[in-house]
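# A look at the structure
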Amino acid sequence: MMDDLLSMTHLGDEYDKYLNAVIPPVFMNSLHVFPTFEEYAGCDASKKGEFKYGRVSNPTVHILEEKVAALEHGCRAAAFGSGMAATSAAILATCKAGSHIICMRDVYGPVKNILNRYMIPKLNMSVTYWSGESLDELEKAILPETDLIMIESPATFVFTVVDIAGVAAIAKKHGVKTYIDNTYCTPLYQKPLDLGIDLVMHTLTKYIGGHSDIMGGILTSADEELMIEIQFTVRELFGANMGPMEAWLAIRGLRTMALRVAEHGRTAQIIAEYLEKHERVERVYYTGLPSHPQRELIEKQQKGHTGLLSFVLKDSPDEAVKVINKLKLFGKGCSWGGFESLALCPLYTATEEEIKFLNLSDHDRGLIRIHCGLEGVDNLMEDLENALERVLN
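Residues numbered from 1 in each chain as written. Predicted model: local features only at pLDDT ≥ 70, side-chain atom pairs only at ≥ 80, totals over all residues. Heavy atoms only, no water.

The name given to the protein in an unreviewed UniProt entry is homocysteine desulfhydrase, with the source organism recorded as Robinsoniella peoriensis. As its UniProt record puts it under Cofactor (unreviewed entry), the protein is described as follows: "pyridoxal 5'-phosphate". Regarding the protein, the relevant UniProt record gives this comment under Sequence similarities (unreviewed entry): "Belongs to the trans-sulfuration enzymes family." (UniProt positions renumbered as here; feature names shortened; annotations may be inferred.)

Next up, the structure:
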């Protein structure tokens, strides 16, 4: 099996195929032509390296897919125009009208939206939301019609960590497919397929892209039959492909991802430790802290930590908003995983029902989530110190 660093830098580049160019070209074409009709008719796009039509497959996108599949120890991958397109494809490939889905409570908000606003009313599916912690609770939630369990680990508000191998074992016992959003850890720091998960999703917009200039998502699996269903039925028919230019940019991002996420993680670790000691901070959520209540599980399944963390002040949610507004280097934005630092209060405008659903208190509306970018730890620390001092003292 190829080393992760070699997979990111060289796998699939095939210099001799592209006039020895160190970077493979962007294939912007919508179709491929053939010398004879027989060769056209005999082309099978489900076979790696054979291309016929852009909605089915593309050479540039294929290189990206080969790299990510290798990183996650999957058999093949399928890239999409967004993370939500990839997530939707995972649901459609594993479920049917009337299916029951068990979904972790703390997954990405739009995932819950597509379940609640589309899959339930339009396809008569049912959903049970699970805390992500008790495996007994998970197993009790499985019904005869359960087809999919969806998790994210760690989740990205309060950084709940899920026992990935435990979930996979229960699911396999009951013949249920499993899906995980592995965007936070990247394939470098966590490999869910090795722990028994069926489908792994990454939002390419974040660490794999790394420069906040693309939208994209990708699914990979060790199950060849499932991946062919996803790529050549769901993705092909719904036309949810990633474009070749975006794929080329994601390939560029992969080449430096190991260096970038290490620096993001180093910065976040220093900042998390600083915040944990701050007299006006009530608690810090970061998987790199020894104080994380799931420390043992984290060390068992994660190899590292990246740049996203959250913290709650002892002060009111309104004071938290003031702190964010005083930050100079942290942009106010909803995403993360790019080169830039970001800060926001994601729960500030949440309804009482949403707060209750997440098992949080009204005080948690002031939860501040920050992404530690590449501006330098000293610069970011100074910015945080200044903002906290100006507002809270």
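Here we take up the pairing of strand β4 (residues 146–152). Among the 7 residues that make up β4, 7 are buried, leaving the element largely enclosed by the rest of the structure. Bridge count between strand β2 (residues 100–104) and β4: 4 bridges; the pairing is parallel. The partner of isoleucine 102 across the bridge, within β4, is isoleucine 149. In this sheet, strand β5 (residues 177–181) lies alongside β4 in parallel orientation, the contact comprising 5 bridges. Looking across to β5, one finds that methionine 150 is bridged to tyrosine 179. You can see the chain leave β4, run along helix α7 (residues 164–173) and come back into β5, and the turn it takes is right-handed. (Buried < 20%, exposed > 50% of the residue type's maximum accessible area, 1.4 Å probe, protein only. Helix = DSSP H or I, 4+ residues; strand = E, 2+ residues; numbered from the N terminus. Pairing = 2+ DSSP bridges. Right-handed = clockwise from strand over helix to strand, strands pointing away.)

The strand order β1-β7-β6-β5-β4-β2-β3 describes an open sheet built from 7 strands, whose pairing is mixed. The sheet terminates laterally at β1 (76–80) and β3 (126–130), the two strands that pair on one side only. Averaged over all neighbouring strand pairs, the angle between strand axes comes to 20°, with direction disregarded. The pairing of β2 with β3 spans 5 bridges and is parallel. Looking across to β3, one finds that isoleucine 102 is bridged to threonine 128. (Axes fitted to C-alpha atoms, helices over the stretch in contact; angles between N-to-C directions.)

Between helix α4 (residues 83–94) and helix α9 (residues 224–238), the least distance of the axes is 10 Å, while the angle of their chain directions is 115°. In terms of axis orientation, α4 runs roughly perpendicular to α9. As for how α4 packs across α9, the hand of that crossing is right-handed. Contact residues: Ala89, Leu92, Ala93 and Thr94 in α4; Leu226, Glu229, Ile230, Val234 and Phe238 in α9. Residue composition of the contact of α4 with α9, by class: 7 nonpolar, 1 polar and 1 charged. (Parallel < 35°, antiparallel > 145°, perpendicular 65-115°, else oblique. Left-handed = near helix turned anticlockwise from the far one by under 90°. Contact = heavy atoms within 4.5 Å. Nonpolar A, V, L, I, M, F, W, Y, C, P; charged D, E, K, R; others polar.)

So, on to a nonpolar patch on the surface. A cluster of nonpolar side chains, namely Tyr15, Val22 and Ile23, defines an oily patch on the protein surface of about 250 Å² accessible area. Residue placement: isoleucine 23 occurs in the loop between α1 (4–9) and α2 (37–42). For isoleucine 23, a relative accessible area of 35% translates into the label partly exposed. (Patch = residues over 30% accessible without salt bridge, like charges linked within 9 Å, V, L, I, M, F, W, Y side chains within 5 Å. Areas by Shrake-Rupley, 256 points an atom, 1.4 Å probe, with all protein chains shown as cover. Salt bridge = Lys/Arg side-chain N within 4 Å of Asp/Glu carboxyl O.)

Next up on the list: the state of the cysteines. Scanning the entire structure with this criterion turns up 0 disulfides. Cysteine cysteine 103 shares no disulfide, and the gap to the nearest cysteine sulfur, in cysteine 95, comes to 11 Å. Cysteine 334 takes part in no disulfide bond, and the closest cysteine sulfur to it belongs to cysteine 345, at a distance of 14 Å. (Disulfide = S-S within 2.5 Å.)

Here we come to the sheet that holds strand β11 (residues 368–371). Taken in spatial order, the 4 strands make up an open sheet running β8-β9-β11-β10, and their pairing is antiparallel. Strands with a single pairing partner mark the edges of an open sheet, and in this sheet they are β8 (281–285) and β10 (342–344). Averaged over all neighbouring strand pairs, the angle between strand axes comes to 20°, with direction disregarded. Pairing analysis gives 4 bridges linking β8 to strand β9 (residues 308–313), with the strands arranged antiparallel. Within β9, the position partnered with arginine 283 by the bridge is valine 312. Its contacts with the sheet place helix α10 (residues 244–277) against β8, β9 and β11, and it is angled at close to 15° to β9.

Moving on to unusual backbone geometry. The omega angle of the peptide bond from serine 153 to proline 154 is -5°, so this bond is cis rather than trans. Backbone geometry at asparagine 124 places phi at a positive 55°, although glycine is not the residue there. Within the fold, asparagine 124 resides in the loop between α5 (109–123) and β3. Take asparagine 124: its relative accessible area is 60%, and that puts it in the exposed class.

For the rest of this paragraph, the subject is a negative patch on the surface. Taken together, the side chains of Asp378, Glu382, Glu385 and Glu389 make up a negatively charged region of the molecular surface. Mapped onto the elements of the fold, aspartate 378 is located in helix α14 (residues 377–392). Overall, aspartate 378 belongs to the exposed group, its relative accessible area being 62%. (Lys, Arg positive; Asp, Glu negative; His and termini not counted. Charge placed at Lys NZ, Arg CZ, Asp CG, Glu CD.)

Scanning the entire structure with this criterion turns up 20 salt bridges. Linking glutamate 66 and lysine 48 is a salt bridge whose minimum nitrogen-to-oxygen distance equals 3.8 Å. Taken as a pair, glutamate 66 in helix α3 (residues 59–71) and lysine 48 in the loop between α2 and α3 lie far apart in primary sequence, 18 residues in all. Glutamate 66 gets classed as partly exposed once you look at its relative accessible area, which sits at 24%. The partly exposed category is assigned to lysine 48, whose relative accessible area is 43%. A salt bridge links aspartate 362 to arginine 365, with the shortest nitrogen-to-oxygen separation between them at 2.4 Å. On the basis of relative accessible area, arginine 365 is assigned to the buried category, the value being 14%. In the salt-bridge network here, residues are joined through shared partners; they are Asp13, Lys67 and Arg255.

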